[in-house]
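Examination of the molecular architecture
Single-letter residue listing:
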Protein chains: 2
Amino acid sequence: MSEIIGETDRGGEALFDDSVLRSLDLSRCKLVARGQGYPYLSDSLRARPLERGDFANGYLSLLSQLTRVGDYPREKFEAHFDRMRALPGVYYTVVVEDVDGGRRVVGTATLVMELKFIRGAATRGRLEELVVDSEYRNLHLGSYLLELVTELCRGLGAYKMTLDCKPEVEGFYSKYGYTNEGQRYLTQRFHD
Amino acid sequence: MSEIIGETDRGGEALFDDSVLRSLDLSRCKLVARGQGYPYLSDSLRARPLERGDFANGYLSLLSQLTRVGDYPREKFEAHFDRMRALPGVYYTVVVEDVDGGRRVVGTATLVMELKFIRGAATRGRLEELVVDSEYRNLHLGSYLLELVTELCRGLGAYKMTLDCKPEVEGFYSKYGYTNEGQRYLTQRFHD
């Protein structure tokens, strides 16, 4: 019985099964030319799916370098994580952890998949929350995460992947195949 | 036994439970000023969730007025529908049917909800596939659908709702509270 519980617990630790990342063809990525693959970028930097325990590894603090996160307790994080994990095939949040730094999470990107009735009943992806810790810049972590989730989206069979970004980082994304096709991006805010 | 199967079948007909639409406060909407509510816009036009049987009611033909849909069989439509329905709280596709026109689907809009770890573990929404049959223009169906799914998104507790659109319809969306905040919208296409 305890073994079964153990299995269940381990199964619930990752937001998604990383075999989908391990089986990706990354040959078209610049990260491969830099000697980076999945899961290891270097001896000390390792990519993996977001885990339920990453509340303790600085995931929210990392996100707060991108936008407002707010201060909320572990229980709320875990409940949100469980809701996302209960929607298989939707959320793919990848993190990079510093293995030498006490499992500190130093980079992240999220791919969100969406089912469409158009284009022969297709899927498409979106990039969300790409952020790298300010102490870990110039290590190509942003490029690594972008290429990895882009190839994941392609590997999952999507016909396209989109993102919204500030004008000043459009040049970065254009280096990795993202094009401004002239669509406008509009927002309505209900509350803060 | 047959009764149980009957219940299950009826339960599987709608993409989501429309009680969430029936309980919405629509008082801030122009559609109310026009005498339109939910579910009836007029004696002959009725809004409701997308149903599994809408393959036969012209839903894909309607979508093809917006973009490429392709020709695929009912079985594929139903399998896709079932995948979406198995992800509760994600897909809210609303259609308007012409009750006098053999249940013909003449307008649609989709709200897609996304869970975020930012902003206190929040949710946000996106507008997808807003389209009105060319024979049913000038009846405010587009405005109706936009206001309805926007209020649904607000009612579900999201902090914002976004959309991407062609520049020529930005003015339409701005009348309903959508603002261009300067974000760029970039696309990478993997295949047609």
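Reading the values: rules and limits
Residues numbered from 1 in each chain as written. Chains lettered and ligands numbered in written order. Predicted model: local features only at pLDDT ≥ 70, side-chain atom pairs only at ≥ 80, totals over all residues. Heavy atoms only, no water. UniProt positions renumbered as here; feature names shortened; annotations may be inferred. Pairing = 2+ DSSP bridges. Helix = DSSP H or I, 4+ residues; strand = E, 2+ residues; numbered from the N terminus. Buried < 20%, exposed > 50% of the residue type's maximum accessible area, 1.4 Å probe, protein only. Contact = heavy atoms within 4.5 Å. Buried area = accessible area lost by both parts, 1.4 Å probe. Salt bridge = Lys/Arg side-chain N within 4 Å of Asp/Glu carboxyl O. Polar contact = N/O pair within 3.5 Å; in protein donor to acceptor, adjacent residues only side chain to side chain. Phe/Tyr/Trp six-rings, centres within 6.5 Å; stacked < 30°, edge-to-face > 60°. Lys NZ or Arg CZ within 6 Å of the ring centre and 35° of its normal. Least-squares fit on C-alpha atoms with pLDDT ≥ 70 in both. Core = buried A, V, L, I, M, F, W, Y, C linked by side-chain atoms within 4.5 Å.

If you check an unreviewed UniProt entry, chain A appears there as Glucosamine 6-phosphate N-acetyltransferase from Geodia barretti. Here chain A is described in UniProt, under the heading Pathway (unreviewed entry), as follows: "Nucleotide-sugar biosynthesis; UDP-N-acetyl-alpha-D-glucosamine biosynthesis; N-acetyl-alpha-D-glucosamine 1-phosphate from alpha-D-glucosamine 6-phosphate (route I): step 1/2." Under the Sequence similarities (unreviewed entry) heading, UniProt states for chain A: "Belongs to the acetyltransferase family. GNA1 subfamily."

For the rest of this paragraph, the subject is the sheet that holds strand β2 (residues 91-98) of chain A. Across the sheet, seven strands lie side by side as β1(A)-β2(A)-β3(A)-β4(A)-β5(A)-β7(B)-β6(A); this open sheet has mixed pairing. Each edge of the open sheet carries a strand with a single partner, namely β1 (45-49) and β6 (179-180) of chain A. Pairing between β2(A) and strand β3 (residues 104-115) of chain A: eight bridges, direction antiparallel. When the sheet's bridge partners are listed, A:T93 is paired in β3(A) with A:T110.

All names here are of chain A. Along β2, eight of the eight residues are buried, which leaves the element largely enclosed by surrounding structure. Residues of β2 alternate between two faces, with Y91, T93, V95 and E97 on one and Y92, V94, V96 and D98 on the opposite face, all of them buried. Connecting β2 to the antiparallel partner β3 that follows it, the hairpin turn spans five residues, and G102 within it adopts a positive phi of roughly 65°.

Quick look at the interface of chain A and chain B now. Chain A puts 66 residues into the contact, and the matching count from chain B is 66 residues. In total, about 6700 Å² of surface goes out of reach between chain A and chain B, with carbon and sulfur atoms giving 54% of it. Viewed at the interface, chain B and chain A are joined by 12 salt bridges. B:E128 is the salt-bridge partner of A:R126, the closest N and O atoms lying 2.7 Å from each other. In this structure, the connection of chain A to chain B is made through 48 residue pairs in polar contact (both at pLDDT 80 or more). One ladder, built from two bridges, connects strand β7 (residues 184-189) of chain A with strand β6 (residues 179-180) of chain B; its direction is antiparallel. From the neighbouring strand, A:T187 faces β6(B), where its bridge partner is B:T179.

With that settled, the discussion passes to the packing of aromatic side chains. Two descriptors summarise a pair of aromatic rings, namely the distance from one centre to the other and the angle between the planes of the rings. In total, this model carries 19 aromatic pairs over all chains according to the counting rule given. Summarising the aromatic geometry, the rings of A:F172 and A:Y173 are spaced 5.0 Å apart at their centres and angled 65° between planes, so their arrangement reads as edge-to-face. Aromatic side chains A:Y185 and B:Y185 sit 6.2 Å apart centroid to centroid with 15° between the ring planes, which places their arrangement in the stacked category. In this pair, A:Y185 sits in strand β7 while B:Y185 sits in strand β7 (residues 184-189), so the two residues belong to two different chains. As far as burial versus exposure is concerned, A:Y185 and B:Y185 are alike and both buried. Three or more aromatic residues joined by ring pairs form one cluster here, namely A:F55, A:Y59, A:F77, A:F81 and B:F117. Of note, A:K76 hangs over the ring of A:Y72, and the distance from its end group to the ring centre comes to 5.8 Å. The lysine or arginine in question, B:K30, covers the ring of B:Y176, its NZ or CZ lying 4.6 Å from the ring centre.

Attention now moves to the sheet that holds strand β3 (residues 104-115) of chain B. One open sheet holds the seven strands; their spatial order is β1(B)-β2(B)-β3(B)-β4(B)-β5(B)-β7(A)-β6(B), and the pairing between them is mixed. Two strands bound the open sheet, and with one partner strand each, they are β1 (45-49) and β6 of chain B. Here β3(B) pairs with strand β4 (residues 123-132) of chain B via eight bridges, running antiparallel. In the strand pairing of β4(B), B:T108 is matched with B:V131.

Note on the identical chains: chain A maps onto chain B by a rotation of 180° and an axial translation of 0.0 Å, with an RMSD of 0.0 Å. Expressed as an axis order, the relation between the two copies is that of a two-fold axis. Interface residue correspondence from chain A to chain B reaches 100%, placing this contact among same-surface, isologous pairings.

Burial of nonpolar side chains together is a common tendency in soluble globular proteins. Among the nonpolar cores identified, the biggest contains 124 residues, and A:F117 and B:F117 are the most heavily contacted of them. Not counting residues within four places of it along the chain, the set of residues in contact with A:F117 comprises B:L50, B:Y59, B:L60, B:L63, B:V69, B:Y72, B:F77, B:H80, B:F81 and B:M84.

Moving on, we get to the pattern of salt bridges. All names here are of chain A. With the rule as written, the count across this model stands at 44 salt bridges over all chains. Between E78 and R52 there is a salt bridge, and its shortest N-O distance comes to 3.7 Å. Of this pair, E78 sits in helix α5 (residues 74-85) while R52 sits in the loop between β1 and α4 (59-63), and the two are 26 residues apart along the sequence. Where salt bridges share partners, they join R46, R48, E51, D54, E97 and R103 into one cluster.

All right, on to unusual backbone geometry then. Following A:Y38, the chain continues into A:P39 via a peptide bond in cis, with omega recorded as 10°. A positive phi angle, near 65°, is found at B:N138, a position not held by glycine.

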